[in-house]
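Fold and contact review
Each chain, letter by letter, is given below.
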Amino acid sequence: MNTLPRRRIGRFYAPLALAVGLGLLGSALFGSALGQDVKQSLSVFDTSSGYIRETTTLVIWGLVFAALIFIGTSAALFYTVFKFREDKNTAEPAQFHGNNRLEITLIAAPVVIVMVLGLLTVRTMARTIPTPTAAIPLNAVAAQFYWNFEYPNEKVTAPATGLVTNGNELIVPVKTPIAVTATSRDVIHGFWAPNLGGQRDAIPSVKKTWQIDTNSPGVYQGNCTLLCGASHANMRFKVIALPQADFDQFVSAAKGYQAPAPAANSPEAVGYGIFMQGKDGAGACAACHRVQGTPALGQSGPDLSFFGTRRTLGAGKWEGKDVDANLYQWLRASSSIKPGSVMPHYDGSTPNYPALTNAEFMGLIAYLKSLKLPTGGNYWNQIEALVPNAPVPAPQGATAQSVTVPPTTAQTEPAPTGGN
Ligand code: CUA
């Protein structure tokens, strides 16, 4: 039985609860790593974004009017209370009915305030809704639990088809509005990179377009903002904002990119075979993933064309050195380390999917790591050189030997039941 007196509990826990509450509020507003090795600098007050500047101005106008109304009504209240105190007013008060001037003022003032706020809102909307001529179009396609970012204006020019696409790492130019069109392949997700603008839902079969932008080159964190399943919190993305010239370099490198063909009998060739055809004809990665310039055109998983250039894994669940620490287990049994991941297991626990040998896993890893943009298009290197204190994750290791090979018996979670 708990014998602690109530007041002591209150005295101890109330400040603690307050501190925790303020801490959570602080993390929500200003960003925090919450114990994970994820570098980020989140802020909804980042005035590098024109969208945020416009909406903040509108909020300030709203607050100014609210303050004026508060001060005005408080002043009138206190004036009345003190002026008409009974002990100062012994005579009978003046008897009259109605006060036309006061009534008209009390109707006119709110009407004017609402009209001014309405006009300011329309002005903000006009300034933040992207115009087709000025904004760069971008598709943000969400699915459990990753993002694909497609550039509809940038068709691949290499002997391959499709649009320039990257999974979970979004590259944008600075000082240009981006017209993001969000949609989803399954449930409702939410797109939000707080430093670049507002949050929007990504809804199946609905296309919503709005604007994001920033003036400051840097690396910004994005997150899924609507509860969409077990790994909702592991559905993140990075935004890498580059000066126009560097962005153009990325786009031209990406348009001309063709995945390298592996040398015969190399580990990459082993991985390539499994990726494209599967093992004994089953479990090909290409059924779900696209790799530009190869027969892999799958659309129900993140695009892997630039996997070797990326510095995040599992839709931003891991970054930097954690990519190599988790890549092997990720391929072997993804949902054992990312809850709800729908990628089949390759340890024999998913029906109709083959168990891969260690050499085959290492081959797949070697192949994935070989999928690199040419040096000029490496957006991480560009931003690292340009903004030395940006939260840039460390690059993944160049070879399959840098990954952590987990013990072979670590089958802890049940495998997903479906295909894909
Ligand atoms: Cu996707 Cu939450």
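For the structure itself, consult the block above.
Before going into details, it helps to say that this report is about the structure given with it. (Residues numbered from 1 in each chain as written. Predicted model: local features only at pLDDT ≥ 70, side-chain atom pairs only at ≥ 80, totals over all residues. Heavy atoms only, no water.)

**Side note on the overall build of the protein**
Regarding its fold elements, the protein presents 8 helices and 12 strands. For the protein, long-range pairs separated by at least 24 residues make up 68% of all intrachain contacts whose partners lie at least 6 apart in sequence. Split by element, the accessible area of the protein, about 21500 Å² in all, is 64% carbon and sulfur. (Helix = DSSP H or I, 4+ residues; strand = E, 2+ residues; numbered from the N terminus. Contact = heavy atoms within 4.5 Å. Areas by Shrake-Rupley, 256 points an atom, 1.4 Å probe, with all protein chains shown as cover.)

**Observations concerning the packing of aromatic side chains**
We describe a pair of aromatic rings using the distance from one ring centre to the other and the angle between the two ring planes. For the coordinates displayed, the defined rule picks out 21 aromatic pairs. Plain terms: the ring middles of Tyr 272 and Tyr 367 are 5.4 Å apart, the flat faces sit at 85° to each other, and that makes the pair edge-to-face. Taken as a pair, Tyr 272 in helix 5 (residues 267–277) and Tyr 367 in helix 7 (residues 358–369) lie far apart in primary sequence, 95 residues in all. Its relative accessible area of 25% is what places Tyr 272 among the partly exposed residues. On the accessibility criterion, Tyr 367 (0% relative accessible area) is buried. With centroids separated by 5.8 Å and ring planes inclined at 85°, the aromatic side chains of Tyr 346 and Tyr 353 adopt a geometry described as edge-to-face. Residue Tyr 346 is classed as buried on the basis of its relative accessible area of 7%. The structure contains a cluster of three or more aromatic residues connected by ring pairs, namely Tyr 151, Phe 247, Phe 250, Tyr 257, Phe 306, Tyr 379 and Trp 380. (Phe/Tyr/Trp six-rings, centres within 6.5 Å; stacked < 30°, edge-to-face > 60°. Buried < 20%, exposed > 50% of the residue type's maximum accessible area, 1.4 Å probe, protein only.)

**Side note on the nonpolar core**
One recurring pattern in soluble globular proteins is that nonpolar side chains are buried together. If you look at the biggest cluster of nonpolar residues, it comprises 75 residues, and the most contacted ones within it are Trp 147, Phe 191, Phe 250 and Phe 275. Of the residues forming this core, the biggest block, 7 residues, is contributed by helix 7. (Core = buried A, V, L, I, M, F, W, Y, C linked by side-chain atoms within 4.5 Å.)

**Brief notes about the packing of helix 2 (residues 50–83) against helix 3 (residues 100–128)**
As a packed pair, helix 2 and helix 3 sit with axes 9 Å apart at the nearest point and diverge in direction by 175°. With respect to helix 3, the element helix 2 is oriented roughly antiparallel. In this structure, helix 2 contributes Tyr 51, Glu 54, Thr 55, Thr 57, Leu 58, Trp 61, Gly 62, Phe 65 and Ile 69 to the contact, and helix 3 contributes Ile 113, Val 116, Leu 117, Leu 120, Thr 121, Arg 123, Thr 124, Arg 127 and Thr 128. (Axes fitted to C-alpha atoms, helices over the stretch in contact; angles between N-to-C directions. Parallel < 35°, antiparallel > 145°, perpendicular 65-115°, else oblique.)

**Details of helix 8 (residues 379–386)**
Restricting attention to buried positions, one finds in helix 8 the residues Tyr 379, Trp 380, Gln 382 and Ile 383. Buried residues along helix 8 cover an arc of 160° about the axis, so they all sit on one side. If you follow the buried residues of helix 8, they end up packed against strand 3 (163–167), strand 4 (169–173), strand 9 (218–224), strand 10 (236–242) and helix 4 (244–255). (Arc of directions from axis to C-beta.)

**Notes on unusual backbone geometry**
Following Gln 144, the chain continues into Phe 145 via a peptide bond in cis, with omega recorded as -5°. Tracing the chain through its elements places Phe 145 in the loop between strand 1 (136–143) and strand 2 (146–155). At Asn 168, a position not held by glycine, the phi torsion is positive, near 65°. Mapped onto the elements of the fold, Asn 168 is located in the loop between strand 3 and strand 4. Since its relative accessible area comes to 5%, Asn 168 is described here as buried. Even without glycine at this site, Asn 352 takes up a positive phi of about 70°. Summarising the element assignment, Asn 352 is placed in the loop between helix 6 (321–333) and helix 7. Take Asn 352: its relative accessible area is 71%, and that puts it in the exposed class.

**Focus on the pattern of salt bridges**
By the definition in use, this model includes 9 salt bridges. Its salt-bridge partner being Lys 321, residue Asp 322 comes within 3.8 Å of it at the nearest N-O pair. Overall, the relative accessible area of 19% leaves Asp 322 in the buried class. (Salt bridge = Lys/Arg side-chain N within 4 Å of Asp/Glu carboxyl O.)

**Focus on the pairing of strand 4**
For strand 4, the buried fraction is high: 5 of the 5 residues fall into the buried class. Covered by surrounding structure in strand 4 are Glu 169, Ile 171 and Pro 173 together with Leu 170 and Val 172, the residues of both alternating faces. Where strand 4 lies against strand 10, 5 bridges are found, and the strand directions are parallel. When the bridges of strand 10 are listed, Val 172 appears paired with Ala 241. (Pairing = 2+ DSSP bridges.)

**Describing the side chain of Lys 369**
One can find Lys 369 in helix 7. In contact with Lys 369, other than residues within four places in its own chain, are Phe 307, Gly 308, Asp 324, Leu 327, Gln 396, Gly 397, Ala 398, Thr 399, Ala 400, Ser 402 and Val 403.

**Regarding the sheet that holds strand 1**
If you walk across this open sheet you meet the 5 strands as 3-2-1-5-8, and the pairing is mixed. What marks the edges here is a single partner per strand, and that holds for strand 3 and strand 8 (208–212). Across this sheet, the average inter-strand angle for adjacent strands is 25°, counted without regard to direction. Summarising the sheet, strand 1 and strand 2 pair through 5 bridges and their orientation is antiparallel. Within strand 2, the position partnered with Ala 142 by the bridge is Trp 147. The strands that helix 4 touches are strand 1, strand 2 and strand 3; relative to strand 2, the one it contacts most, it runs at about 90°.

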